[in-house]
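# Survey of secondary and tertiary structure
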Amino acid sequence: MNNKSSSRWLRLSAGFGLCLASVALPFLPGVHAAPQQASLSSVTSTAERRDVSPIAASPAFSAQDLSAPPLENWLKVGGSLFNQNWSPLKQIDRENVGKLKAVWQTHLDGSALAMKYSGEAQPVVYQGLLYIVTGADDVFAISVKTGQILWKYQANLDQSISTVCCGWTSRGIALGDGNVYVGQLDGRLVALDQKSGKPVWSIQAEQWQQGYTITAAPLYYDGMVIAAFAGGENGVRGRLKAYDAKDGHLIWTFYTIPGPGEIGHDTWPKDSDAWKYGGATVWQTPAVDPELGLLYFTTGNPGPDFNGRIRPGDNLFANSMVAIEAKTGKYRWHFQQIHHDLWDYDGPNPVMLFDVKVGGRIRKAAAEANKAGWVYILDRTNGKPLVGIDEKPVPQEPRQFTSSTQPIPRGDAFVPQSIDVAPEGFALVNQGRIFTPFWAEGVVAKPSARGGANWPASSYDPDTNDYYVCATDAPNFFKGGEDDQKFPQSGQRYLGSAFGGMPLPANGIFAALDMKTNRLVWQQRWKDSCYSGSVTTEGGLIFVGRNDGRLTALNSSNGQRLWEFQTGAGVNAPASVFEYQGDEYVAVYSGGSLFAGASRGDSVFLFSLKGALTPGTEISSQTPAAPPAEHR
């Protein structure tokens, strides 16, 4: 397809920190944090109770299916293969969004209510059925029409799992070829029959005892299920694996740290096994360009996080955007965002693909918002910067073997990257600027290891080329470095220090950047951290959740808040937007989050202009006519 048609096609389609204590929120009447004891699922609905439509099995979706604009369905996390989180629907717009109300609220049987869990999954919707997974890896199929749970899969995770980082969570499922695919914290990849929820196949993809977990939604593409593995804090070697969607047999493996003789291996120390424990794990669901046949993702920091002395060199492919062949897993190109990272400035935000006019012609772009506070915009055909990224000198600490330069994107940072006033009890070094090195005595700097853009997905408007990012502004006390650190035992933490927070509040930053120039369009500060992915619509709206339980709608042109709804638990998951029987709907999981310090819940909400439920409405729990099927 030519540049013009490719542009039109894409326009149509579209970690770490202090674990905060859960905060109690006052629940409004009718909004509950747990289901009624008497029923398997509490369902509240303004819809007429009718017979539930039969569950339609999904086909083996083609690349065209998964690249198409998400209209009647929301087929995958991110909305499409391009991860734009953009909906072309405009029935709900800036003028009428104030009339939006809930159609129903469905409780998920009290799944994942304990403090260690986080509810961060984006709903997937296909032909009137909504699929959601909780932080306990329990999967639910829910009728869009009635809000009834039709089946659930209960993972029954081993509660002794000790290698999970950053909260027990799952960020979504994949759908295709009649199955629902879920990656689990115990390292298993499971295919569930879409109609019944019964396991079709289940494989032990990696061992949690060795440090590997799965937190990102799997990707269904071209008859494969592609799984990314987390665990970089445990001295693992990062990897992605592709499995056959029909029976789960392994097709290919890509290691994010190259072995001997492979491209990039020379960026690790010679005569050392440091590369075997070097992290660079993947926290996100990759993007795909079917025309180029390439799969894109970014990687986490190298291990150990804060001790660069044990791993001199740039440490590829840590902190990098990487493109590989989707069919074979063969390396094609990479771009490293942070050389020899010492600050945990990894890339958990999903890579996004779009076409944009730069230098007078339409270019194929891949972009990602990093924890360092910049959006890195590359040509997705070859990995070269589109807007410009310059290697610039940075301060040095010889004991850490610091890189002499770092790649600095042209344009604007979306979070502050220095500290104007010293925090009480701390002296400022280098004004607390980004890339200030440290040793055992430590320094205060911004962004923090939990700052910038973390996992919450960014969104995009192909009509304006504006990219919307949810981020956190917080200082951090960076401390680390050892002369004789040892390699870890299997599954052992491998940090080189400890994560150091500050006795200061973290603020949220929500920002819009023009991808033609990488300059800020608008930016706003929130009183609490921004820890929920966003979704943008043709109606000129951005839907984004808040830690205090609100789902909000913002004017995409200036960030003005136009609507909000209090769900009673932290909305720390991206919403999904779709059309059903002629009406536009917004669905979101209200589950809370460990990192956000948000109150826990177990509800899915559905909203439309025809909804009748408000936060102050007294909602009576109803028992389904028949209990949902349950499978383990």
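Think of each chain on its own: its residues are numbered from 1, step by step along the sequence as written. Confidence filtering applies because this is a predicted model: local features only for residues at pLDDT of at least 70, side-chain atom pairs given and counted only at 80 or more, and all residues used for totals across whole chains, interfaces and linings. To obtain the side-chain values, all non-hydrogen atoms of the structure were included, while hydrogens and water were left out.

### Thoughts on the overall build of the protein
Across its full length, the protein holds two helices and 38 strands. Working definition: with a 1.4 Å probe on protein chains only, accessible area under 20% of the residue-type maximum means buried, over 50% means exposed, and in between means partly exposed. Across the 632 residues of the protein, 66% fall into the buried class. To be clear on the numbers: accessible area is Shrake-Rupley with a 1.4 Å probe, and residue cover counts the displayed protein chains and nothing else. In the form shown here, the protein has an accessible surface area of approximately 20,500 Å², with 49% of it arising from carbon and sulfur atoms. Comment: elements are numbered from the N terminus, with helices defined as DSSP H or I runs of at least four residues and strands as E runs of at least two.

### Quick word on the pattern of salt bridges
For salt bridges, the criterion is a side-chain nitrogen of Lys or Arg within 4 Å of an Asp or Glu carboxyl oxygen. All chains considered together, the criterion is met by 28 salt bridges. Here Arg-410 and Asp-390 are joined by a salt bridge, their closest N and O atoms 2.8 Å apart. Of the two residues, Arg-410 is situated in the loop between β24 (405-409) and β25 (443-445) and Asp-390 in strand β23 (residues 389-393); the sequence distance between them amounts to 20 residues. According to the relative accessible area criterion, Arg-410 is partly exposed, its value standing at 45%. Taking the shortest distance from any N to any O, the salt bridge between Asp-514 and Lys-516 comes out at 3.0 Å. The exposure class assigned to Asp-514 is buried, which follows from its relative accessible area of 15%. Since its relative accessible area comes to 32%, Lys-516 is described here as partly exposed. Through salt bridges with shared partners, one network takes in Asp-548, Arg-550, Arg-561 and Glu-564.

### Some remarks on the sheet that holds strand β30 (residues 519-526)
Strands are labelled as partners when DSSP assigns at least two bridges between them. In spatial order, the strands read β26-β27-β29-β30; together these four strands make up an open sheet with antiparallel pairing. The open sheet has two free edges, formed respectively by β26 (459-461) and β30, since each of these has just one partner strand. Between one strand axis and the next, the sheet turns by 25 degrees as a mean value, whatever way the strands run. With three bridges joining them, β26 and strand β27 (residues 466-473) adopt antiparallel strand pairing. Lines fitted to C-alpha atoms define the axes here, with helix axes fitted over just the stretch in contact, and angles between the N-to-C directions of these axes take values from 0 to 180 degrees.

### Looking at empty space enclosed by the protein
Every definition here rests on a 1 Å grid over the protein atoms only: cavities are sets of points where a 1.4 Å probe fits but cannot get out, pockets are open sets enclosed by protein on both sides within 12 Å along at least five of seven lines, and lining residues have some atom within 4 Å of a point. Grid points are joined across faces, edges and corners, and a volume is the space filled by probe spheres set on the points. Space inside the largest cavity adds up to approximately 180 Å³. Tallied by class, residues from the lining of the largest cavity come to nine nonpolar, six polar and two charged. Each residue receives one of three labels: charged for Asp, Glu, Lys and Arg, nonpolar for Ala, Val, Leu, Ile, Met, Phe, Trp, Tyr, Cys and Pro, and polar for the others, Gly being one of them.

### Description of unusual backbone geometry
Leave glycine aside and you will find that most residues have negative phi; peptide bonds, for their part, are mostly trans. The amide bond that connects Gly-303 to the next residue, Pro-304, takes the cis arrangement and shows omega of -5 degrees. Along the chain, the position of Pro-304 falls in the loop between β17 (294-298) and β18 (320-325). Here the bond from Leu-316 into Phe-317 is cis, since omega is -5 degrees, no more than 30 degrees from zero. With respect to the secondary-structure elements, Phe-317 resides in the loop between β17 and β18. The phi angle at Phe-401 is positive, at roughly 55 degrees, despite the residue not being glycine. Here Phe-401 lies in the loop between β23 and β24. Note on Phe-401: relative accessible area 37%, which makes it partly exposed. The phi dihedral of Phe-435 is positive, around 70 degrees, even though this residue is not glycine. With respect to the helices and strands, Phe-435 occurs in the loop between β24 and β25.

### Quick notes on the side chain of Asn-572
Inspection of the secondary structure puts Asn-572 in the loop between β34 (561-566) and β35 (576-580). A residue is classified by how much of its surface remains accessible, and Asn-572, at 0% relative accessible area, is buried. One polar contact links the side chain of Asn-572 to the main-chain amide nitrogen of Ser-593, over a distance of 3.3 Å. Apart from residues no more than four positions distant in its own chain, Asn-572 is found in contact with Gly-119, Glu-120, Trp-455, Tyr-531, Ser-532, Asn-547, Gly-592, Ser-593, Ala-596 and Ala-598. Any pair of nitrogen or oxygen atoms within 3.5 Å is treated as a polar contact; in protein, a donor-acceptor pairing is required on top of that, and neighbouring residues in sequence qualify only through side-chain atoms on both sides. Throughout, a contact is declared for two residues whenever any of their heavy atoms are within 4.5 Å.

### Quick look at the state of the cysteines
Any cysteine sulfur atom paired with another within 2.5 Å is treated as part of a disulfide. Applying the stated criterion across every chain, the model contains two disulfides. Shown here is the disulfide that connects Cys-165 with Cys-166, its sulfur atoms set 2.1 Å apart. The same class applies to Cys-165 and to Cys-166, which are both buried. For Cys-470, the disulfide goes to Cys-530, at an S-S distance of 2.1 Å.

### Overview of the nonpolar core
Core analysis: the largest hydrophobic core is formed by 106 residues, its most contacted members being Phe-543 and Phe-607. When sequence neighbours within four positions are dropped, the list of residues in contact with Phe-607 reads Leu-100, Lys-101, Ala-102, Val-103, Leu-551, Trp-563, Phe-565, Glu-584, Tyr-585, Val-586 and Val-588. Counting 33 residues, the second-largest nonpolar core is a separate cluster that includes Ala-287, Leu-353, Trp-374 and Leu-495. Joining through side-chain atoms within 4.5 Å is the link that ties buried Ala, Val, Leu, Ile, Met, Phe, Trp, Tyr and Cys residues into a set, and such a set is a nonpolar core.

### Comments concerning the pairing of β34
Note that strand β33 (residues 550-555) and β34 share five bridges and pair antiparallel. Looking at β34, one finds that Leu-554 is bridged to Arg-561. Counting the residues that bridge the hairpin from β33 to β34 gives five residues, and of these Gly-559 lies at a positive phi of roughly 85 degrees.

### Description of the environment of Thr-536
Here Thr-536 is to be found in strand β31 (residues 534-537). With a relative accessible area of 0%, Thr-536 lands in the buried category. Considered as a pair, Thr-536 and Gln-84 are 452 residues apart in the sequence and their alpha carbons are 8.5 Å apart. When residues no more than four places from it in sequence are discounted, the contact partners of Thr-536 are Asn-85, Trp-86, Ser-87, Ser-459, Tyr-460, Asp-461, Tyr-468, Leu-541 and Ile-542. Here Ser-459 takes part through its side chain, which lies 2.7 Å from a polar atom of the side chain of Thr-536.

### A short note on the pairing of strand β13 (residues 224-228)
Counting buried residues in β13 gives five out of five residues, a clear majority hidden from the surface. The two faces of β13 match: Met-224, Ile-226 and Ala-228 on one face and Val-225 and Ala-227 on the other face are all buried. In the sheet, strand β12 (residues 219-221) pairs with β13 via three bridges, with the strands oriented antiparallel. Counterpart to Tyr-221 in the pairing with β13 is Met-224. If you look at the hairpin formed by β12 and β13, you'll find two residues sitting between the two strands, and Asp-222 has a positive phi there, around 55 degrees. Judged from the five bridges that link them, β13 and strand β14 (residues 239-244) form a sheet pairing that is antiparallel. Looking across to β14, one finds that Val-225 is bridged to Tyr-243.

### Overview of the packing of aromatic side chains
Between the rings of Phe, Tyr and Trp (Trp by its six-membered ring), a pair exists once the centres lie within 6.5 Å; its type follows the angle of the planes, with under 30 degrees stacked, over 60 edge-to-face, and the other angles tilted. Counted under the stated rule, the structure contains 33 aromatic pairs. For the pair Tyr-277 and Tyr-494, a centre-to-centre distance of 6.5 Å together with 65 degrees between the ring planes defines the contact as edge-to-face. Of this pair, Tyr-277 sits in the loop between β15 (250-255) and β16 (287-289) while Tyr-494 sits in the loop between β28 (476-478) and β29 (507-514), and the two are 217 residues apart along the sequence. Taking relative accessible area as the criterion, Tyr-277 reaches 22% and is therefore assigned partly exposed. For the pair Phe-426 and Phe-477, a centre-to-centre distance of 5.5 Å together with 55 degrees between the ring planes defines the contact as tilted. With a gap of 51 residues between them, Phe-426 in the loop between β24 and β25 and Phe-477 in strand β28 connect regions that are remote in the sequence.

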